Amino acid sequence: MAFTLPDLPYAFDALEPVIDAQTMQLHHDKHHQAYVDKLNEGVTEEGLEGKSLEEILAGISSASKKVRNNGGGHWNHSFFWEIMGPSGGGPSGRLAETIDQAFGSFDALKTKFNEAGVGQFGSGWVWLIVNPSGELQVTATPNQDNPLMDDAPVKGVPILGNDVWEHAYYLKYNNRRADYLKAWWDVVNWEKVAGHFAKAVG
Ligand code: MN3
């Protein structure tokens, strides 16, 4: 019942030139694997066996830092690999309409999301979520926190998210987080994002 590292749904070099193969390999095989291993240790130490990852995150305020950081790390990265792909493109249909209603335009969403990513001090994530009122909202979280955690200041269901830890971009972009955030939109898998959106709004 231990948590396991999911396979990447594409090759390490599939997101080139936006994300280089070496970054993908280290990020998936080393960083994500470490979160999985440490999460499994924490789950055993704290008697959380049998709970789903979502259940653990929904009660994270009463778990240790170890389970918080590594449980968040496992969930965030599993989600992140899935919502990327070599296809590119943009949102369509109901999701595109809802983005226009919420932000004015897709470009305006990108600007807001990128600003939140640049503005996240230190390590963290930037998200597009469906909030409890059923509206799209951009939010950022520190470390490996996410909006599914019961003590998140802004809660909701992520439909899109980007990793702004330096390990996600430093080899290619060095300290230029803003450039990484701008380029990253070319590797979003909008079919997956639309699927998360449809599920979140019901
Ligand atoms: Mn990462």
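Residues numbered from 1 in each chain as written. Predicted model: local features only at pLDDT ≥ 70, side-chain atom pairs only at ≥ 80, totals over all residues. Heavy atoms only, no water.

Draft legend 1. Looking closely at the overall build of the protein chain. Per the secondary structure count, the protein chain includes 8 helices and 3 strands. From first element to last, N terminus to C terminus, the protein chain shows the α and β order α-α-α-α-α-β-β-β-α-α-α. Taking 17 Å as the expected radius of gyration for a compact globule of 202 residues, we find that the protein chain reaches 16 Å, a close match to that expectation. Considered along the principal axes of its C-alpha atoms, the protein chain spans approximately 45 × 40 × 30 Å. Sorting the 202 residues of the protein chain into buried and exposed places 46% on the buried side. (Helix = DSSP H or I, 4+ residues; strand = E, 2+ residues; numbered from the N terminus. Rg over C-alpha atoms; globule rule 2.2 N^0.38 Å. Buried < 20%, exposed > 50% of the residue type's maximum accessible area, 1.4 Å probe, protein only.)

Draft legend 2. Molecular detail of the coordination of the manganese ion. Donor atoms from the polypeptide that bind the manganese ion are His27 (NE2), His77 (NE2), Asp163 (OD) and His167 (NE2), placed at 2.0 to 2.1 Å. Each donor residue of the manganese ion lies on one chain, and together they are spaced H-x49-H-x85-D-x3-H. Here Asp163 falls in the buried class, since its relative accessible area comes to 0%. We classify His167 as buried; its relative accessible area is 18%. (Donors = N, O, S within 2.8 Å, 3.2 Å for Na, K, Ca; no water.)

Draft legend 3. The nonpolar core, seen in detail. Residues Ile19, Met84, Leu128, Ile159, Leu160, Tyr180 and Trp184 are the most contacted members of the largest nonpolar core, which totals 52 residues. Sort the elements by how many residues they give to this core and strand S1 (residues 124–130) lands first, with 6 residues. Residue contributions to this core reach at least three from each of two domains, namely domain 1 (21–82) and domain 2 (93–201). Once you skip the residues sitting within four places of it in the chain, Tyr180 turns out to touch Ile19, Phe80, Asn162, Asp163, Ala168, Tyr169 and Tyr173. (Core = buried A, V, L, I, M, F, W, Y, C linked by side-chain atoms within 4.5 Å. Domains from an automatic or database assignment. Contact = heavy atoms within 4.5 Å.)

Draft legend 4. Representation of the sheet that holds S1 in the model. Sheet architecture is open: 3 strands sit in the order S2-S1-S3, paired in antiparallel fashion. Every other strand in the sheet has two partners, leaving strand S2 (136–142) and strand S3 (157–163) as the edge strands with one partner each. The sheet shows a mean angle of 25° between the axes of neighbouring strands, direction not considered. Inspection of the sheet shows S1 paired to S3 by 6 bridges, in the antiparallel sense. If you follow Val126 over to S3, its bridge partner there is Asn162. This element, helix H3 (residues 65–82), spans S1 and S3 of the sheet and lies at about 90° to S3. (Pairing = 2+ DSSP bridges. Axes fitted to C-alpha atoms, helices over the stretch in contact; angles between N-to-C directions.)

Draft legend 5. Molecular detail of helix H8 (residues 190–201). Under the 1.5 Å per step criterion, the end-to-end length of H8 is 16 Å for 12 residues, consistent within 8% with the ideal 16 Å. When we look at burial in H8, the residues that qualify are Trp190, Val193 and Phe197. Here the buried residues of H8 occupy an arc of 60° about the axis, which is enough to place them on one side. Counted as exposed and oriented over 90 degrees from the buried face of H8: Glu191 and Lys199. Contact partners of the buried residues in H8: helix H4 (93–103), helix H5 (106–119), S1, S2 and S3. For H8, the side-chain oxygen to backbone nitrogen distance between the N-cap and Glu191 is 3.2 Å, and the N-cap itself is Asn189. Positive backbone phi, approximately 75°, marks Gly202, located one or two places after H8. (Expected span 1.5 Å × (residues − 1). Arc of directions from axis to C-beta. Polar contact = N/O pair within 3.5 Å; in protein donor to acceptor, adjacent residues only side chain to side chain.)

Draft legend 6. The domain arrangement of the protein chain, seen in detail. Considered domain by domain, the protein chain is made up of domain 1 (21–82) and domain 2 (93–201). With centres defined by C-alpha atoms, the gap from domain 1 to domain 2 works out at 19 Å. Every contact between the two is made by 21 residues of domain 1 and, on the other side, 24 residues of domain 2. Summing the contributions of domain 1 and of domain 2, the shared interface buries around 1,900 Å²; its carbon and sulfur component is 57%. Summed over the shared surface of domain 1 and domain 2, the number is 3 salt bridges. Our count for the contact surface shared by domain 1 and domain 2 stands at 13 residue pairs in polar contact (both at pLDDT 80 or more). Residue assignment for the side of domain 1 that touches domain 2 shows that the elements contributing at least two residues are helix H1 (21–45), helix H2 (53–58) and H3. (Buried area = accessible area lost by both parts, 1.4 Å probe. Salt bridge = Lys/Arg side-chain N within 4 Å of Asp/Glu carboxyl O.)

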